[in-house]
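# Descriptive analysis of the structure
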Amino acid sequence: MLFEQLDKKLEEQRQMDLEKEANLELRSRKKLTRAEKQAAEKISSLAEHNAIILFGDMDVVDGVHAMRTPEQHQAAALEDLRRRERTADYKERKRLQAQREEIERDGIQRVRERIEQQLDDQMATALRAEKTDYTPDFYGDTLERMKVNACGDRGVPPQERQTHLEQLRALQDQSAALRRRYAATVVVGKVLQKKLGESAQKYIARKMDVLTAERTAFDEAFQRCRDDYNTAFHGTLAGDKQVERYHQRAATYQQVSGATAAQAEQEMQRRAIEPPTLRQLPQVLSDYKKRTQRYALKKSSEGDTVYDVPYPTQMDEVMDTVNRKLKALYPAAPPITQAEAETLAKRLLQDLLAKNDYRFRCGAAVFGLIADDKMKTQMETGTSGGAKNAPLRMKFTEKSFGNTVGSLDLTEYENYGYLSSPEDALINRSKTAGYGSVAVKLNKERMAGRVTCTVGDSLHKILTTTPSSVDDPDLACVAQETKAALILSAYQKYTAGQDVSDDVEHMLAELNKELNKGEKGAEYLELQYHGDVTVRDMEEVIVSFPPVLRKEKADGSEESFDEALERVKGEYLRDLKTVQKKVYEINQNPAAYGRTGLPPLRLKTVVGAGEHTQVAVLKSFPDAKEETAP
């Protein structure tokens, strides 16, 4: 497992630390540097002048001294200071008097803490002067990977992730502090040991005992934390790309906002738990439905500004159409109000979203890239399986989710998929087939709380739609030309008692039949995925035989159907082989892909259309020579 590898790495680091300590101890110098000499003198002076406060009577055994109460310790320290005052010269007597008055005023504990801090600071100075690379790692890399994964693992409820995150942050802070103190103490104890006074040597020895005990306690706390973490996250750790992306996003936010590094990191953790593209969605949707002024979206090919159509303007026309058609179909029925229409539409959308699957489409090669990292947007890759228009897509995000252009790291933009029929045989009926032969089904539980939708391609319908959450779908997510048809279908299903399909492919076909001549219907029900989508969120992969479309050949002539069929068949077999190998690799190495504790990724293929469609469940395989014919 990944944890075993990290434990091995940690053990190797500890062995290296021991070697470094040995090298420090054995190293001798012919001449002390000025910085070392000054550091040794300052540490010795602080320890000698404050020995009674730090350690009690020098001749008292530590075991007995440790049994003293703070009051007993304070009384002993004050008595020792008074005794030393009586025999000291004027300058020393004034210093001891000031120290005694400080103890009487602030108490022994506060004075000890201040002196301890001064000594720690001097040891840190000695460490810097030494310019050593002795930096023991108390689970630093492991804690960082645990923290990054805990932020974004959507399989765990947000509140539980937040709890783990706070615990991991606290352990990281402890690790960093312990690492600094431990390194400084080791260097001072080894390099300056012979140059320190008796009081300072006792301080260093005692400090090492305290730090060793703290390290043991920290090890135990880490093991408890790791056990809890393994239970919640199946032992999954963030990979190098996740960690790199996490810090990249923090750097982008820091640059845009002017925040400190700590503030940027906290914001990234907040964004991982609640994606920034969802944070303002309820308010943006509410404002959209009330807004009567147009919103400038883009420039036309002639250079004119293109505006959206405000929702109230759309609904005036839609409700007029709906009630005219209802009167023709159901003469005795009263007209319905806009509020009733919106309620009916919401109910139908809820049924569709609940009873169909979340998917996305891609090519075989892209599937492998996603499995190795995450689903990426055209803002990241500069490519697209559909409309390639990154500036317009950013403008869509600004209009729909409230994130101004430039406020997000390019990796934080929403990804795109679609609602798919649960019937595998209908996989190629979806008009998303052009996006690639691979249709990936996502786990709804892992995607919960981070999916929005529009009925139709959001860029094609940008003038008359705005996305709404799949948990609370709204008529605003339906394009104007489809709104009336959707309301009528919902009325027939829930009020008139007629049978209307809950299968999304059948439903879209029914809606598109109601369109007026020249109107473009809903190609598919688009889903927008917020937050990183990775192989952990997948549960099934289908490789489908694509439509056979004839292409132009090199000599300018068009392929025959048989030639096109052979070409497409070859493309299908290559894609299938590529995906089979990748799924095999994922299922054989779940820990490496963050799928520990999750069921194996399913693989299917779909060939044909209509009544001739064939669906097969496949086994992934490691042998590149194996082929599956359609």
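All figures in this text were calculated on a predicted structure; none of them were measured in a lab.

Cut-offs used in this document
- Residues numbered from 1 in each chain as written.
- Predicted model: local features only at pLDDT ≥ 70, side-chain atom pairs only at ≥ 80, totals over all residues.
- Heavy atoms only, no water.
- Helix = DSSP H or I, 4+ residues; strand = E, 2+ residues; numbered from the N terminus.
- Buried < 20%, exposed > 50% of the residue type's maximum accessible area, 1.4 Å probe, protein only.
- Areas by Shrake-Rupley, 256 points an atom, 1.4 Å probe, with all protein chains shown as cover.
- 1 Å grid on protein atoms, 1.4 Å probe; cavity = no way out; pocket = protein on both sides within 12 Å on 5 of 7 lines; lining within 4 Å.
- Points joined across faces, edges and corners; volume = space filled by probe spheres on them.
- Nonpolar A, V, L, I, M, F, W, Y, C, P; charged D, E, K, R; others polar.
- Core = buried A, V, L, I, M, F, W, Y, C linked by side-chain atoms within 4.5 Å.
- Contact = heavy atoms within 4.5 Å.
- Axes fitted to C-alpha atoms, helices over the stretch in contact; angles between N-to-C directions.
- Parallel < 35°, antiparallel > 145°, perpendicular 65-115°, else oblique.
- Left-handed = near helix turned anticlockwise from the far one by under 90°.
- Phe/Tyr/Trp six-rings, centres within 6.5 Å; stacked < 30°, edge-to-face > 60°.
- Lys NZ or Arg CZ within 6 Å of the ring centre and 35° of its normal.
- Arc of directions from axis to C-beta.
- Pairing = 2+ DSSP bridges.
- Salt bridge = Lys/Arg side-chain N within 4 Å of Asp/Glu carboxyl O.
- Expected span 1.5 Å × (residues − 1).

When helices and strands are tallied, the protein shows 23 helices and eleven strands. Going through the 630 residues of the protein one by one, you find that 47% of them count as buried. Element-wise, carbon and sulfur atoms account for 50% of the exposed surface of the protein, whose accessible area totals about 31500 Å².

Now for the layout of surface pockets. Taken as a whole, the second largest pocket encloses approximately 360 Å³ of empty space. Along the wall of the second largest pocket there are 20 residues; nearest its centre are Gly-239, Gln-242, Asp-372, Ala-592 and Tyr-593. Counting only elements with at least two residues in the lining of the second largest pocket, the list comes to helix H11 (240–257) and helix H17 (364–372). Sort the elements by how many residues they give to the lining of the second largest pocket and H11 lands first, with four residues. Here the residues of the lining of the second largest pocket are counted per class, giving nine nonpolar, five polar and six charged.

Let's shift gears to the nonpolar core. In this structure, Phe-367, Leu-527 and Tyr-529 are the most contacted members of the largest nonpolar core, which totals 73 residues. Dropping the residues within four chain positions of it, Leu-527 is found in contact with Leu-353, Tyr-358, Asn-415, Tyr-416, Gly-417, Tyr-418, Leu-419, Val-451, Thr-452, Cys-453 and Val-470.

Next up on the list: the packing of helix H9 (residues 158–191) against helix H12 (residues 261–273). Their axes nearest at 10 Å, the elements H9 and H12 cross at an angle of 155°. Between H9 and H12, the crossing angle belongs to the class labelled roughly antiparallel. Crossing handedness for the pair H9 and H12: right-handed. Touching Pro-158, Arg-161, Gln-162, Leu-165 and Arg-169 of H9 are Gln-269, Ala-272 and Ile-273, all from H12.

Glancing now at the packing of aromatic side chains. Pairs of aromatic rings are described using the distance from one ring centre to the other and the angle between the two planes. Taken as a whole and assessed by the stated rule, the structure comprises nine aromatic pairs. Judged by centre distance (6.1 Å) and plane angle (90°), the ring pair of Phe-396 and Phe-401 falls under edge-to-face. When its relative accessible area of 0% is taken as the criterion, Phe-396 is described as buried. Linked through ring pairs, Tyr-139, Phe-218 and Phe-222 together constitute an aromatic cluster. The ring centre of Tyr-182 lies 5.3 Å from the NZ or CZ of Arg-215, which sits over that ring. Positioned above the aromatic ring of Tyr-416 is the side chain of Arg-393, whose terminal nitrogen or guanidinium carbon lies 3.9 Å from the ring centre.

This brings us to helix H14 (residues 281–290). Buried within H14 we find Leu-281, Val-284, Leu-285 and Tyr-288. Along H14, the residues classed as buried sweep out an arc of 95° about the axis, all on the same side. Exposed and facing more than 90 degrees away from the buried side of H14 are Pro-282 and Lys-290. Here the buried face of H14 lies against helix H13 (276–279), helix H15 (311–329), helix H19 (390–401), strand S6 (451–455) and strand S7 (468–469).

With that settled, the discussion passes to the pairing of strand S4 (residues 415–420). Judged by how many residues are buried, S4 sits mostly within the fold: five of six residues are covered. The sheet contact formed by strand S3 (residues 357–362) and S4 spans three bridges and is antiparallel. Bridge assignment links Asp-357 to a residue of S4, and that residue is Ser-420. Sheet analysis places S4 next to strand S8 (residues 525–529), joined by four bridges and oriented antiparallel. Residue pairing for S8: Tyr-418 is matched across the bridge by Glu-526.

Position of Ser-469 relative to the elements: it lies in strand S7. The residues touching Ser-469, leaving out its near neighbours within four places in the chain, are Leu-281, Val-451 and Thr-452.

Considering all chains together, one arrives at 48 salt bridges under this definition. With its nearest N and O atoms 3.0 Å apart, the salt bridge here joins Lys-461 to Glu-481. Separated by 20 residues along the polypeptide, Lys-461 in the loop between S6 and S7 and Glu-481 in helix H21 (residues 480–494) bring together distant segments of the chain. You can call Lys-461 buried: its relative accessible area is 5%.

It is worth spelling out the sheet that holds S6 at this point. Here we have nine strands laid out as an open sheet, ordered S7-S6-S8-S4-S3-S5-S9-S10-S11, and mixed in their pairing. Of all strands in the sheet, those bounded by a partner on one side alone are S7 and strand S11 (614–618).

On to H12, then. Here H12 is 13 residues long and its end C-alpha atoms lie 19 Å apart, about the 18 Å a rise of 1.5 Å per residue gives. Of the residues making up H12, those classed as buried are Ala-264, Glu-267, Met-268, Gln-269, Arg-271 and Ile-273. Of the surrounding secondary structure, the elements contacted by the buried residues of H12 are helix H8 (140–152), H9, H11 and H13.

Function-wise, these values are silent; they only describe arrangement.
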